[in-house]
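Below are the chains, spelled out letter by letter.
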Amino acid sequence: MGPDYLPRPPARPAALQRGPGKYLAFLGRISPEKRPDIAIEVARRVGIPIKIAAKVDVVDRDYFETVIKPLLSPPDVEYIGEITELKRVSFWVMH
């Protein structure tokens, strides 16, 4: 398998915006190994909304339905679903 050339967050996001961001971001795959449940817990503890842009593979569907889905409660947790590579760049730039 070759190298992964997916877009990455800017090396210096502070240079793109002044002040705190408006949300935390979880980008990847919903799975027990990635622990999005912990990301949601951290976001809630610090009082910052979290946006989750992640795919759910068939093998992880039960984990999503039983563990993650009950934690998805707007407005503090927003599940966007899987996004394209082009949209990943704008996802990292907090608006």
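These notes cover the structure that comes with them.

Conventions used here
- Residues numbered from 1 in each chain as written.
- Predicted model: local features only at pLDDT ≥ 70, side-chain atom pairs only at ≥ 80, totals over all residues.
- Heavy atoms only, no water.
- Patch = residues over 30% accessible without salt bridge, like charges linked within 9 Å, V, L, I, M, F, W, Y side chains within 5 Å.
- Areas by Shrake-Rupley, 256 points an atom, 1.4 Å probe, with all protein chains shown as cover.
- Salt bridge = Lys/Arg side-chain N within 4 Å of Asp/Glu carboxyl O.
- Helix = DSSP H or I, 4+ residues; strand = E, 2+ residues; numbered from the N terminus.
- Polar contact = N/O pair within 3.5 Å; in protein donor to acceptor, adjacent residues only side chain to side chain.
- Contact = heavy atoms within 4.5 Å.
- Buried < 20%, exposed > 50% of the residue type's maximum accessible area, 1.4 Å probe, protein only.

### Quick look at a nonpolar patch on the surface
Reasoning step 1: On the surface, a nonpolar cluster with roughly 300 Å² of combined accessible area is contributed by Ile38, Val42, Val46 and Ile48.
Reasoning step 2: By the secondary structure assignment, Val42 is in helix α1 (residues 36-46).

### A few points about the side chain of Ser31
Reasoning step 1: Along the polypeptide, Ser31 turns up in the loop between β1 (24-29) and α1.
Reasoning step 2: One polar contact links Ser31 to Glu33, side chain to side chain, over a distance of 3.1 Å.
Reasoning step 3: Contacts of Ser31, omitting those with residues within four sequence positions, involve Pro36, Asp60 and Tyr63.

### Some details on unusual backbone geometry
Reasoning step 1: For the bond from Pro74 to Pro75, the omega torsion is 5°, close enough to zero to count as cis.
Reasoning step 2: Looking at the element boundaries, Pro75 is found in the loop between α2 (61-68) and β3 (77-79).
Reasoning step 3: One non-glycine residue with positive phi stands out, namely Arg35, at about 55°.
Reasoning step 4: Mapped onto the secondary structure, Arg35 falls in the loop between β1 and α1.
Reasoning step 5: Judged by its relative accessible area of 38%, Arg35 falls in the partly exposed class.

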